[in-house]
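So you can see what is in the structure, the chains are spelled out below.
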Amino acid sequence: MWMIILLALLIYSFVRGTFEDEPVTRKNLVIIPGYALVMMICSLAEEDFNHKLLLTTLLLVVGILIGLFQASRVTVTDTHEQDPYGRQIIKVKCNWPYLFGWIIVFVIDIAIEFADQASISGDAVFQELIKEILKDLSSIAFFSFSNEWFVWVLTVATSFAYGITLLVRYPKIRQAVVRRHRKS
């Protein structure tokens with residue numbers, strides 16, 4: 001029972017956060033995609049990559065399309081404030097496409113897991129859902145949980161496509177994530 005309550009609270013927090021303005025950070029647009037790329041390369045090196053080349057390519061294409069879709073209705077707000085480094089504080093609201101894209105990625109992850117293992121329990125889906133929501137809500141969880149190679153492939157594709165779309169479409173976001181020295 002407590003797991004259902006935990007899941008309900010996590011889903012509520014995740015969905016609510018999707019429709020709230022959150023500051024753009026270098027962590028979300030640069031560090032997480034970069035880390036996911038390194039982890040994807042490491043996890044594919046451990047696999048029989050030739051066997052998974054077609055699926056990896058397909059997942060990269062699908063992930064890029066999902067990332068572009070997720071960035072399609074982002075609302076960007078300039079707060080007209082600056083951080084300690086003199087960068088503008090820009091906030092984004094992800095909206096429905098981000099949530100739908102996240103659900104599609106989760107369904108793809110579960111489908112591949114099911115195809116790979118030939119059976120998957122409801123409990124395993126439940127645990128995977130909690131893990132994925134925690135990863136999206138917390139950087140600590142993102143960097144702590146281990147993932148299968150296909151999860152890293154989708155994470156790289158969606159996060160790079162989403163981030164690059166925002167950086168290209170909104171110059172103020174580009175300015176907000178540029179590295180600068182702290183003001184004296």
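Please refer to the structure higher up on the page.
Criteria and thresholds
Residues numbered from 1 in each chain as written. Predicted model: local features only at pLDDT ≥ 70, side-chain atom pairs only at ≥ 80, totals over all residues. Heavy atoms only, no water. Pairing = 2+ DSSP bridges. Helix = DSSP H or I, 4+ residues; strand = E, 2+ residues; numbered from the N terminus. Patch = residues over 30% accessible without salt bridge, like charges linked within 9 Å, V, L, I, M, F, W, Y side chains within 5 Å. Areas by Shrake-Rupley, 256 points an atom, 1.4 Å probe, with all protein chains shown as cover. Salt bridge = Lys/Arg side-chain N within 4 Å of Asp/Glu carboxyl O. Core = buried A, V, L, I, M, F, W, Y, C linked by side-chain atoms within 4.5 Å. Buried < 20%, exposed > 50% of the residue type's maximum accessible area, 1.4 Å probe, protein only. Contact = heavy atoms within 4.5 Å.

*Asks:* Help me out: how do you make sense of the pairing of strand β2 (residues 75-82) in this one?
*Replies:* Remember that side chains alternate between the two faces of the sheet whenever the strand is regular. Pairing geometry for β2 and strand β3 (residues 88-93), over five bridges, is antiparallel. When the bridges of β3 are listed, Q82 appears paired with Q88. Linking two consecutive strands that pair antiparallel, namely β2 and β3, is a turn of five residues; a positive phi of about 85° is found at G86 within it.

*Asks:* What should I look at first to understand a nonpolar patch on the surface in this one?
*Replies:* On the surface, L37, I41, F160, I164 and V168 cluster together to form a nonpolar patch covering roughly 440 Å² of accessible area. At the level of secondary structure, the elements contributing two or more residues to the nonpolar patch comprise α2 (26-46) and α7 (149-169). Following the sequence through the fold, I41 ends up in helix α2.

*Asks:* Sorry if this is basic, but what is going on with the nonpolar core here?
*Replies:* The tendency in soluble globular proteins is for nonpolar side chains to be buried as a group. The biggest cluster of nonpolar side chains holds 24 residues, and the ones touching the most others in it are V24, L29, I133, Y162, L166 and I173. Sorting the residues of this core by element identifies α1 (2-18), β3, α4 (95-117), α5 (122-137), α7 and α8 (171-177) as the ones contributing at least two each. Looking at which element gives the most residues to this core, the answer is α4, with five residues. With residues up to four places along the chain from it excluded, the contact list for I173 reads V24, L29, V76, I90, V92, L166 and L167.

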